[in-house]
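Single-letter residue listing:
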Amino acid sequence: MAVDLDAPADTNMMRIVHAALRRDLERARTALTAASPPAEHQRIALARHLGWMMAFLEAHHRSEDEGLYPPIHERAPDAAVLLCDMARDHASVAGAVAAVETTAHRYEECDDREALIAALDGLRDVLLPHLQREEDELMPVVSRVMTTGEWNAIEQAHNLAGKSKAQLAREGHWLIDGASPDDRARVLGLVPLVPRLILLYGFGPSYRRHQRTCWNMRRHHVQHEGSTSVVVEADLDAVWDIVRDPTRVGEWSHECVGAEWVGATGAHPGARFRGRNRQGLLRWGRLCEVVRIEPGELVWRTVPTRLYPDSTEWAIRVDRVDAGTRIEQSFRVVKGTWLEPVYARLLPAHHERTAALTNDLERIGALAAGRRDPRASITRRTEGASRDAVA
Ligand SMILES: [Fe+2]
Ligand SMILES: [Fe+2]
């Protein structure tokens, strides 16, 4: 499809880049805080990946400082304060990035996890609000005063020019890792057909090897535990109203399309509900049970049955923070099954679930704030499956 270069700037790439940064910060935290710490080969791969990611983030901010912000400053005088805040954020982020670089380098040499976790938390504290504000407040200004042609030219000059094919391929695979089909198509659509095929099939295996080592994914296994969190600009009570009712899960889950109470009318320990799930052509239902509910926290588990003998415990916790509400979701397989290799083959999205689960939490925030956010649109993966399939 021909791109209208005179149309208002399509800033989706900014959101896609930010999503990849958020995703791997969550993955890194999950890996570093897991009950069994990364073995040596994972530790080295993780440390090097964080070093690569920090260099990418520095380059991303440099391209904004030098390529994007100056023309916006000129054309949108009303955005002067916002741009000033953005530049100040970049300075704070630079300090936090340096701390992650130092501690990641040390982590590569020896298992000093605590220092790296603290540095990553420090980075998250300054980076995540910046990414959100840039998307929510600055990108609409960019679309107002800049065309897609001008946006693409900045992208070419500051983010693509001078990079080797291997560098571009790694960045491309990193951006589409766990992305929705729409975002994957957006990234791949930037590459002409032949280079796209080389990117996908020539560089794909090495990225997947790197991914498996870094995040300890095994070919025919599913992720057994994980957690992710977001801070949303929404009222705590509005978020909790959505979260505390498991029958509303279909409104925000990328996999569960609906749920109904089974012999219960509300959430209390022991109350059961059945979730209906869909991924591509696959459809299935799982019986679930509320384990615990108290203000701000809901815990439930999938009930093992003859057909689905596994069980996973899920928890969602909400807390009020300065910027709005923090939503944290975690899961842990509490009963495995010999069917796991089958699940893993049918549902490759369950090899690593951080990106999809983070998007779910963003959708809860958007629902609670009463807005429809393009980032929050539900995209049903063709390759994935429900939390309830193996969880
Ligand atoms: Fe950005
Ligand atoms: Fe930025």
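It should be emphasised that the depicted structure is a prediction, and the values quoted were computed from it without experimental measurement. (Residues numbered from 1 in each chain as written. Chains lettered and ligands numbered in written order. Predicted model: local features only at pLDDT ≥ 70, side-chain atom pairs only at ≥ 80, totals over all residues. Heavy atoms only, no water.)

**Points about the coordination of the iron ion (ligand 2)**
Here is step 1: Looking at the iron ion (ligand 2), one finds its protein donor set to be E64 (OE), H90 (NE2), H130 (NE2) and E134 (OE), positioned 2.1 to 2.3 Å from the metal centre.
Here is step 2: One can describe the donor arrangement at the iron ion (ligand 2) as irregular, given that its four donor atoms subtend angles of 85 to 169 degrees at the metal.
Here is step 3: In primary-sequence terms, the residues that donate to the iron ion (ligand 2) follow E-x25-H-x39-H-x3-E.
Here is step 4: In this structure the iron ion (ligand 1) is found 3.5 Å away from the iron ion (ligand 2), and E64 serves as a bridging donor for the pair. Taken together, the residues H90 in helix α3 (residues 80-109) and E134 in helix α4 (residues 113-145) connect sequence positions 44 residues apart. No difference in accessibility class separates H90 from E134, as the two residues are buried. (Donors = N, O, S within 2.8 Å, 3.2 Å for Na, K, Ca; no water. Tetrahedral: all angles 85-135°; square planar, octahedral: opposite > 155°, others 65-115°. Helix = DSSP H or I, 4+ residues; strand = E, 2+ residues; numbered from the N terminus. Buried < 20%, exposed > 50% of the residue type's maximum accessible area, 1.4 Å probe, protein only.)

**Comments concerning the domain arrangement of the protein chain**
Here is step 1: Taken domain by domain, the protein chain comprises domain 1 (12-214) and domain 2 (225-390).
Here is step 2: The distance between the C-alpha centroids of domain 1 and domain 2 comes to 26 Å.
Here is step 3: In this assembly, 17 residues from domain 1 lie in contact with 16 residues from domain 2.
Here is step 4: Across the contact surface, domain 1 and domain 2 share zero salt bridges.
Here is step 5: When residues of the side of domain 1 that touches domain 2 are traced back to their parent elements, those giving at least two are α1 (12-33), α4 and α7 (181-188).
Here is step 6: Sorting elements by how many residues they give to the side of domain 1 that touches domain 2 places α1 first, with six residues.
Here is step 7: Grouping the constituent residues of the side of domain 1 that touches domain 2 by class yields four nonpolar, four polar and nine charged. (Domains from an automatic or database assignment. Contact = heavy atoms within 4.5 Å. Salt bridge = Lys/Arg side-chain N within 4 Å of Asp/Glu carboxyl O. Nonpolar A, V, L, I, M, F, W, Y, C, P; charged D, E, K, R; others polar.)

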